[in-house]
Amino acid sequence: MEVRIPLSDMAYGEEEEQAALEVIHRRWLTMGSVTQKFESEFARSVGVKHALAVSNGTHALHLACLALGIGPGDEVIVPALTFVATTNAVLYCGAEVLFAEIIGQTELNISPEDIERRITPRTKAIMVVHYGGYPCRMPEILETAKHHGLAVIEDAAHAHGASLNGRALGTWGDVGCFSFFSNKNLATGEGGMLVTDRDDIAEKVRSLRSHGMTTLTWDRHQGHAYSYDVIALGNNYRIDEIRSAIGLVQLGKLSRNNARRKTITEHYREGLKGAAAFGIKLPFGNSPGIPAYHIFPMLLPEGVDRIKFMESMRKAGVQTSIHYPPIHQFTFYRQRYPQLSLPVTEKVAAREVTLPLYPGLHDEEVDWVLSSTAEALTFDRVISPTG
Ligand SMILES: Cc1ncc(COP(=O)(O)O)c(C=O)c1O
């Protein structure tokens, strides 16, 4: 059967189309005034001094590491339950990844205690990931970082519009990195944003994202400059005006879309309440702050065949996914860090399945996902029909 309910869908309308068309009509596509506006509005929305738009979230993370001077001989502490881009950014700089455990099945974020345990004299930074847009334990992590003189990078790829204690996620550490990939709460197809209050980091990133050049094509087009110097080995990590225009529209819709995500999440939680008795676990039940509700993760009862469950859901027309296969178990990372085992992460990750979640998901569709979930598990003889 064709998938009827995808895992994720873009919340786009005529406004995005119009914004893209306007850029085309203005005939300036590379980074210029629309990007500047996107950056300043994004900075205002999270309450930070600098926001720098880039080509994607991976490049934001890479630039964050470079700007912090992370390089060969350094280690960065990172959770393994994340997308591989998070740790790749560390390796691009020639540094090594120090994997840390997550807290456990109720909270899939990095464990502050395990961070503390893993610090060595070579550790230079902690890179946290706000899994699903649910806040990491930032006050404790910042305290550890301060005590050991470490930088903090936030992978906020899932966390647009989320906050903890009134402070936006992405603005707690030295640098925050957002992704605008198609499935994100704020989507431009590809794209990303790096945010920081530190002038030195902003200055480095501004230069490194565009070949280390001292002026942009846009500056010269406007007559503000006639030439440029190259002061560092940068790269092309620029966004473009069409994506920035779409990003501006999406930013305007973010709080409404996140509110809908929250409602859907609550609907799922309510519908799955009874399933707890059969071993289904729903992480982040008592999440502090305001999450972004980027995805809806659940942990299947122990012993359930996950692939069989996902197949059964697919037959019911529901796409599900896994967030994430732990990074240290991928071939490339296993070869690099062969002795590593992370029992808490591995146990939780093996049971994780993600249900569809996006603002355009209708209530009846959520009900369908819920009944399909119950059916799939009954079929697996784990949950009785009355459960
Ligand atoms: C947690 C996490 N970090 C980093 C990234 C990388 O972002 P991008 O795909 O924009 O490069 C993603 C997204 O896909 C992600 O989910």
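Note that the structure is predicted; figures quoted are calculated from it, not measured.

Chemist: Sorry if this is basic, but what is going on with the overall build of the chain here?
Modeler: Within the chain, the regular secondary structure consists of 13 helices and 13 strands. Here the C-alpha atoms of the chain give a radius of gyration of 21 Å, agreeing with the 21 Å that 2.2 N^0.38 yields for 387 residues. Its C-alpha atoms give the chain principal-axis dimensions of about 75 × 55 × 40 Å. The buried share of the chain, taken over its 387 residues, is 55%. In the chain, the proportion of contacts linking residues at least 24 apart, taken out of those at least 6 apart, comes to 73%. As displayed, the chain has an accessible area near 17,000 Å², and 52% of this comes from carbon and sulfur atoms. Distance between charge centres in the chain, computed from 38 positive and 44 negative side chains, equals 1 Å.

Chemist: Sorry if this is basic, but what is going on with the pattern of salt bridges here?
Modeler: Side chains that carry opposite charge are capable of pairing whenever their charged atoms lie near each other. Summed over the entire model, instances satisfying the criterion amount to 18 salt bridges. With a shortest N-O distance of 2.9 Å, Glu-16 and Lys-253 are connected by a salt bridge. One end of the pair, Glu-16, is in helix H1 (residues 14–26); the other, Lys-253, is in helix H9 (residues 241–271), with 237 residues separating them in the sequence. Exposure class is identical for Glu-16 and Lys-253. Each is buried.

Chemist: Where do I start with the pairing of strand E3 (residues 96–100) in this structure?
Modeler: Side chains on a regular strand alternate between the two faces of the sheet. Among the five residues that make up E3, four are buried, leaving the element largely enclosed by the rest of the structure. Summarising the sheet, strand E2 (residues 75–79) and E3 pair through five bridges and their orientation is parallel. By the bridge assignment for E3, Val-76 is matched with Val-97. Handedness of the crossover joining E2 and E3 through helix H4 (residues 84–92): right-handed.

Chemist: Help me understand the packing of aromatic side chains, please; the structure alone is not making it clear to me.
Modeler: Any two aromatic rings considered together are summarised by their centre-to-centre distance and by the angle between their planes. Applying the stated criterion to the full structure yields 15 aromatic pairs. With a centroid separation of 5.5 Å and 45 degrees between ring planes, the pair formed by Phe-38 and Phe-180 is classed as tilted. In this pair, Phe-38 sits in helix H2 (residues 33–46) while Phe-180 sits in the loop between strand E10 (175–179) and strand E11 (192–196), placing the two residues 142 residues apart along the sequence. There is no split in this pair, since Phe-38 and Phe-180 are both buried. With 6.4 Å between their ring centres and 25 degrees between their planes, Tyr-333 and Tyr-337 make a pair best called stacked.

Chemist: Looking at this structure, how should I read the packing of helix H3 (residues 57–67) against helix H7 (residues 199–208)?
Modeler: Pairs of packed helices are described in terms of their axes, by the angle between the two and the distance that separates them. Look at H3 against H7: their axes get within 9 Å of each other, and the N-to-C directions meet at 125 degrees. Our classification of the angle between H3 and H7 gives oblique. Judged by the twist between their axes, the crossing of H3 over H7 is right-handed. Facing H3, whose interface residues are Leu-63, Leu-66 and Ala-67, H7 presents Ile-201, Lys-204, Val-205 and Leu-208.

Chemist: Just checking my understanding: could you explain the state of the cysteines for this structure?
Modeler: What makes a disulfide is a covalent bond joining the sulfur atoms belonging to two cysteines. A full pass over the atoms with the stated rule returns zero disulfides. No disulfide involves Cys-65; its sulfur sits 4.5 Å from the nearest other cysteine sulfur, which is in Cys-93. Between Cys-136, a free cysteine, and Cys-177, which holds the nearest cysteine sulfur, the sulfur-to-sulfur gap is 13 Å.

Chemist: Help me understand the site of the ligand in this model?
Modeler: Lining the immediate surroundings of the ligand are 17 residues, of which Gly-57, Thr-58, Asp-155, His-158 and Ser-179 lie closest. At a separation of 2.8 Å, an oxygen atom of the ligand approaches a polar backbone atom of Gly-57. Lys-184 has a polar side-chain atom sitting 3.0 Å from an oxygen atom of the ligand. Contact with the protein chains covers 93% of the free accessible surface of the ligand, which is 390 Å². Put simply, the parts of the chain that give the shell around the ligand at least two residues each are H3 and H4.

Cut-offs applied
- Residues numbered from 1 in each chain as written.
- Predicted model: local features only at pLDDT ≥ 70, side-chain atom pairs only at ≥ 80, totals over all residues.
- Heavy atoms only, no water.
- Helix = DSSP H or I, 4+ residues; strand = E, 2+ residues; numbered from the N terminus.
- Rg over C-alpha atoms; globule rule 2.2 N^0.38 Å.
- Buried < 20%, exposed > 50% of the residue type's maximum accessible area, 1.4 Å probe, protein only.
- Contact = heavy atoms within 4.5 Å.
- Areas by Shrake-Rupley, 256 points an atom, 1.4 Å probe, with all protein chains shown as cover.
- Lys, Arg positive; Asp, Glu negative; His and termini not counted.
- Charge placed at Lys NZ, Arg CZ, Asp CG, Glu CD.
- Salt bridge = Lys/Arg side-chain N within 4 Å of Asp/Glu carboxyl O.
- Pairing = 2+ DSSP bridges.
- Right-handed = clockwise from strand over helix to strand, strands pointing away.
- Phe/Tyr/Trp six-rings, centres within 6.5 Å; stacked < 30°, edge-to-face > 60°.
- Axes fitted to C-alpha atoms, helices over the stretch in contact; angles between N-to-C directions.
- Parallel < 35°, antiparallel > 145°, perpendicular 65-115°, else oblique.
- Left-handed = near helix turned anticlockwise from the far one by under 90°.
- Disulfide = S-S within 2.5 Å.
- Near = heavy atom within 4 Å.
- Polar contact = N/O pair within 3.5 Å; in protein donor to acceptor, adjacent residues only side chain to side chain.

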